[in-house]
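Per-entry structural report
For reference, the chains in residue letters:
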Amino acid sequence: MKQCSRSVVFVQTDDNALKMSYPLSHLDNKPSESEHVWMTGLPDKYVCRPETPDFEAMCLADFASSCRIVYGKQTKGKNTHRLLNEMGFVQKRANDEKHAVIKYRPISLEKDPELYYGTLLKLYVPYRSENQLKSTHFPTYQSVHDHAAVWLPGSQHPERVKAIVKRNREKHEKHREDIDSAIQEFEERGMLLNEWGNLAPESELERLECIDELNEREADEDVQENVPDYNVRSDVRQESAVTIEAPEIDPVVLREMYQNLNQTQASVFHTIREWCLKCVCGSKPEQFFLYINGGAGTGKSHLIKCIHAEASKILRRLPRNAEEADISKPTVLLTAFTGTAAFNISGTTLHCLLKLPRSLKPPFQGLGNKLDEVRAELSNAEILIIDEVSMVSKQLFAYVDARLKQIKGSQRPFGGMSVLTVGDFYQLPPVRQSKPLCVFDPTQIDLWRDNFQMVTLTEIMRQKDDVTFAETLNRIRAKEKTVSLSHEDRVLLSRALADPAQCPKDVLHVYATNKQVEEHNSKTLDMFHSDVTTIDADDYKKDPTTGRMTRQSVPFQGNKKELPDSIKVAIGANVMITRNISVRSGLCNGTFARIAKIVTKAGNPHVEKLGLKLNSQSAAASEADVDENIVYIDRDEENLKQTGVVRRQFPIKLAFACTIHKVQGMTTSSAVVSLKHIFEPGMAYVALSRVTSLSGLHILDMDERKIYCNPEITVALENMSKASLEHVMPLLKIPETLSRPDTLTVIHHNTEGLPAHITDIKSHHELHLADVLCLTETHLRGSFVAESLHLEGYNMFKRNRNVSYSNHPAMATKNGGGVAIYVKEHIRVLERHFIQNATDIEFSVIKLEAPFRALIAAVYRPPDYDVHSFISNLRSLLDSLEVMDHHPILVCGDFNEDLLSRARKPILELFQSKGYEQLITAATTEKNTLLDPIFISCPQSCIHSGVLRTYYSYHHPVYCVLTLETP
Ligand SMILES: Nc1ncnc2c1ncn2[C@@H]1O[C@H](COP(=O)(O)OP(=O)(O)OP(=O)(O)O)[C@@H](O)[C@H]1O
């Protein structure tokens, strides 16, 4: 034991541990039996450090800077006397209770003062109050050195001290000499000049601009900025449900969307629809992996909304789901990478759906105890749809694969689920310069090249009323940096060039960087709003004395955090939500709104809530103040980098302008787009392609060098395997044959109600290719035919159910049934409304006279019509047709006899007995039955036949193409 100048006692225990007492002045005021003798601060913790070689060799400076100190947990000694005795100290003056401590003397110190000396230098800092000690950091050698010096007993052992100082300097100030000499050189000679700037000024400017932009992007846009939902947090504000089935779109709207699908959209739609029907029929189709490619506005999102709705409807019928009865679990998962893209398709984010961690770095993190919950939630899921796939990195894609394998318990790719990816790789790439998914990278897991097949949508739907602009956009989409704009495109874009002063101020301005956006926002706020409210963040800090979180009067400044120190708002100001509050309700990162209310408590300026009017009216209806359609949001929370400080602030920012990264996926009628500071391929294209027509576009800072794509994309897409979907729309494959003067195309379809489906029929891409369109189950009544049932270019012949039955009054009055035939106007036709002997059968017969000869009959047999009676009437009809001697004779219709079943087929037998051949070989209904045959008397005249698709009837249309001799 040694008493030092500051009256602190050091003791060394048997096991060479060292302890430091409180100062004697402090101990003097304590009763002798007090156990609170030893300091409980850092030195004590150091003393009690683990006895491993690493810790043993550690000096206090190392210990303090590299080990986390947990205060207040150290066990105190039981009894001072006993403790010190146990430690091997002898009591010199036992009668002086007050100074008990100082009267012990450690034997070892007496024996080896050097140990004490060296240890002191290495270990101790001067005593401070406990609180001071807690907040003191000892990171540098210098502080230890200074403190240690205080404790050095005078000038003793200077050489030893020097040695220790030297050793610690080497350890803690490794490059001191280099840094010193560099600073000295800089001070003497000033900054070195970069001569490259003089040799190639333009390239240098560009290089510096790029570095500048990238730095800026790193600094202020970071992941959260570029990819709004990357910040997937596990707190309660995150979308709580694992997944939700997207809200159902109004059936009328949905039907219109189906009707509007263009040919390529329809072929993808029907391919997936057919796959779903196969699943439902139990035929276990192969997994599919499709990528829907297409420029901005080609209707990719529109298509997947349709696919999602239809596939969900069909797959709900899966036997497995029906048995389990929990059909609330989704069968089709509709996702996107960003919250805005997810909201745009009424889906959810990939991160939220699959509970992906924020960092996707290996190793793969499983779901842990959430697995069962997620597995139950996705138990019915068969198809995963990912929109805006161009923003999905390879790591994320691999994570999705691994996660689905885990959830589905299958090692097949994506756990056995089919995957439909949608996006435009010419638009914004994944964050952090990671290679786009379609570009092969041998260093990464590649799930793309081997699995996915591509379908390209080419028809631009967004700018469909401004075709020249749409064509220009298509060309600039794949323009490389080294290639100039064509004269035509330059002229067209020049029509949109604008002077900043002339630009409409109330229109969204789109810039490349946050800095530009912030400048524009604050300028516009000042310009239009005089009553500006500044909302400071509520920063809470733990009070060390009470342990309570107390609000700071002024927020901490300079935190590069999501929630800013302060925001400025005004009633009517345009803002954007910056966090996913509820993707489902459209309150997601990137949602635009206007400030409608600033809610404070009476007499207190502190802002409690903000009322927003969302630009998208459909969003958040449920959370809205119904009268005024206002959605109220609260402050959100995040931890600041200062330990124990929590910030609460509204997750919004001004949005008179926004970055290009925020507008991907958006459709708007007008925008002001600046091309200045563009730093990535695809950015200019994304920005320019948001507006629906050139008249709504105002371009600032035009620089055609900023319009460029990543050439790797072009190569990758060219080499990608292409899906062949022609078989789903077979008549579109043979336009030359159909337009030949010697061919006649006949289609039959059971419409399940003509008035209900006339718009679907009119918008069908193949039905209007028929020269003769036979329809059964028209459900028409009376002789009047509504104008709406008129098909342009056709004449209509119809025969309703009520006139078809003479001996079956019950059948005649029953709803449904009825037959109609539409014939192209150029064909001369004779209708045979009544045929002798052909009674009690629903049919319509037409005689084509020119330019072809043919006899065509459409027949409908209700399922409850007794087969024997029906056959006898059908025989009479066929006999009458034969008598007409007008060949070929073609009889089509719905006979409600399944030609794919093994049962006897008396209707087919009748036709065969009369020399007819049946042309259709595939199923014609959703239940895999063949109820809609085409019988023909001269099979050699048929060159094509098969089945078409619709979404509105249980029956598929059937067709045949005949070559006929023209008279
Ligand atoms: N078949 C269609 N019929 C009518 N309108 C359509 C059709 N397809 C798309 N649209 C409309 O065109 C616009 C652009 O469509 P959508 O957003 O689906 O394109 P996108 O390819 O996803 O665009 P981006 O790549 O820019 O996100 C939307 O307003 C959409 O409603």
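Residues numbered from 1 in each chain as written. Predicted model: local features only at pLDDT ≥ 70, side-chain atom pairs only at ≥ 80, totals over all residues.

An unreviewed UniProt entry lists the chain under the name ATP-dependent DNA helicase, from Xyrichtys novacula. On record in UniProt, under Cofactor (unreviewed entry), the comment for the chain is "Mg(2+)". Heading Catalytic activity (unreviewed entry) of the UniProt record for the chain holds this comment: "ATP + H2O = ADP + phosphate + H(+)". (UniProt positions renumbered as here; feature names shortened; annotations may be inferred.)

Turning to the overall build of the chain, a few remarks are in order. Looking only at helices and strands, one finds 32 helices and 39 strands in the chain. For the chain, with 967 residues in total, the buried portion stands at 39%. Partitioning the contacts of the chain with sequence separation of at least 6, the portion at a separation of at least 24 is 71%. (Helix = DSSP H or I, 4+ residues; strand = E, 2+ residues; numbered from the N terminus. Buried ≥ 20, exposed ≤ 12 C-beta atoms within 10 Å, placed from the backbone. Contact = placed C-beta atoms within 7 Å.)

Reading across from one edge, β15-β14-β23-β22 is the order of the four strands in this open sheet, with antiparallel pairing throughout. With partners counted over all chains shown, the strands left at the sheet margins are β15 (549-551) and β22 (636-639), one partner each. Sheet twist, expressed as the mean angle between neighbouring strand axes with direction ignored, is 25°. In the sheet, strand β14 (residues 538-542) pairs with strand β23 (residues 645-649) via four bridges, with the strands oriented antiparallel. Note that in β23 the partner of Y540 across the bridge is V646. (Pairing = 2+ DSSP bridges. Axes fitted to C-alpha atoms, helices over the stretch in contact; angles between N-to-C directions.)

Not every one of the 17 residues close to the ligand is listed here, only the nearest: N260, G299, S301, H302 and M461. Split by residue class, the shell around the ligand holds three nonpolar, eleven polar and three charged. (Near = placed C-beta within 6 Å. Nonpolar A, V, L, I, M, F, W, Y, C, P; charged D, E, K, R; others polar.)

If you trace the six strands from one edge of the open sheet to the other, you get β32-β33-β34-β35-β37-β36, paired in mixed fashion. What marks the edges here is a single partner per strand, and that holds for β32 (828-832) and β36 (917-918). Strand direction decides the pairing type here: strand β35 (residues 889-894) and strand β37 (residues 934-936), joined by three bridges, are antiparallel. Within β37, the residue paired with L890 across the bridge is I936.

Here we come to the environment of A770. Looking at where A770 falls in the secondary structure, it is placed in the loop between α29 (754-763) and β29 (772-776). Among the residues examined, A770 registers 26 C-beta atoms within 10 Å and is labelled buried. A C-alpha to C-alpha distance of 8.8 Å links A770 and L738, two positions 32 residues apart in sequence. Beyond its immediate chain neighbours, meaning those up to four positions away, A770 contacts T745, V746 and I747.

Attention now moves to helix α31 (residues 867-884). Between its first and last C-alpha atoms α31 spans 25 Å; for 18 residues at 1.5 Å apiece the expected length is 26 Å, and the two agree. Here α31 has its buried residues at F870, N873, L874, L878 and L881. End-on, the buried residues of α31 take up no more than an arc of 145°, which puts them together on one face. Facing away from the buried surface of α31 by more than 90 degrees, the exposed residues are H868 and V883. Packing partners of the buried residues in α31 comprise β34 (854-860), β35 and α32 (906-913). (Expected span 1.5 Å × (residues − 1). Arc of directions from axis to C-beta.)

Another point: the pairing of strand β26 (residues 671-674). Within a regular beta strand, the side chains point alternately toward one face of the sheet and then the other, so they alternate between its two faces. Residues of β26 alternate between two faces, with A671 and V673 on one and V672 and S674 on the opposite face, all of them buried. The pairing of strand β12 (residues 509-511) with β26 spans two bridges and is parallel. Within the sheet, the bridge partner assigned to H509 lies in β26 and is V672. Direction of pairing for β26 relative to strand β27 (residues 697-700): parallel, over a ladder of four bridges. Residue pairing for β27: V673 is matched across the bridge by I699. On the question of chirality, the crossover connecting β26 to the parallel β27 by way of helix α26 (residues 683-688) is right-handed. (Right-handed = clockwise from strand over helix to strand, strands pointing away.)

Moving on, we get to the nonpolar core. Residues I385, L420 and V510 are the most contacted members of the largest nonpolar core, which totals 123 residues. Here I385 is in contact with I304, I307, H308, V332, L333, L334, T335, L420 and V422, once residues within four sequence places are set aside. Counting residues in hydrophobic clusters, the runner-up holds 60 residues, among them V772, I841, I846 and C960. (Core = buried A, V, L, I, M, F, W, Y, C linked by C-beta atoms within 7 Å.)

Their axes nearest at 10 Å, the elements helix α22 (residues 467-477) and helix α23 (residues 487-494) cross at an angle of 120°. As summarised for this structure, α22 and α23 are arranged oblique, according to the angle between their axes. Considering the relative orientation of α22 and α23, their crossing is left-handed. For the pair formed by α22 and α23, the contact residues are T468, F469, T472, R475 and I476 on the first element and D489, L492 and L493 on the second. Class assignment of the residues belonging to the contact of α22 with α23 gives a composition of four nonpolar, two polar and two charged. (Parallel < 35°, antiparallel > 145°, perpendicular 65-115°, else oblique. Left-handed = near helix turned anticlockwise from the far one by under 90°.)

It is worth spelling out the packing of helix α14 (residues 251-260) against helix α16 (residues 300-315) at this point. Contact geometry of α14 with α16 gives a least axis separation of 10 Å together with a crossing angle of 120°. As summarised for this structure, α14 and α16 are arranged oblique, according to the angle between their axes. Taken as a pair, α14 and α16 cross one another with a handedness that is left-handed. Together, L254, M257 and Y258 of α14 and H302, K305, C306 and A309 of α16 make up the contact between the two elements.

Inspection of the secondary structure assignment puts C588 in the loop between β17 (574-577) and β18 (592-600). Its 26 C-beta neighbours within 10 Å are what place C588 among the buried residues.

Our next topic: the confidence of the model for the chain. Do not read the fine detail of predicted coordinates wherever pLDDT is low. Taken residue by residue, the chain gives an average pLDDT of 78. The fraction at 70 or more is 73%. Highest mean pLDDT in the chain belongs to β37 (97); lowest belongs to helix α7 (residues 113-123) (31). Taken together, the stretch residues 1-7 has pLDDT below 50 and engages in 19 contacts with residues farther than four places along the chain or on a different chain. Confidence drops under a pLDDT of 50 for residues 12-17, and excluding neighbours within four residues, the segment shows eight contacts in the predicted structure. Reported for the predicted complex are a pTM of 0.68 and an ipTM of 0.97. (pLDDT = per-residue confidence, 0-100.)

Most peptide bonds adopt trans geometry, and most residues besides glycine take a negative phi value. With an omega of 0°, the peptide bond running from A850 to P851 counts as cis. Geometrically, the link from H887 to P888 is a cis peptide bond, its omega value of -5° lying close to zero. Along the polypeptide, P888 turns up in the loop between α31 and β35. A positive phi angle, near 65°, is found at H677, a position not held by glycine. Tracing the backbone through its elements, the reader meets H677 in the loop between β26 and α26. Despite not being glycine, H779 has its phi angle at roughly 60°, a positive value. Here H779 is to be found in the loop between β29 and β30 (794-799).

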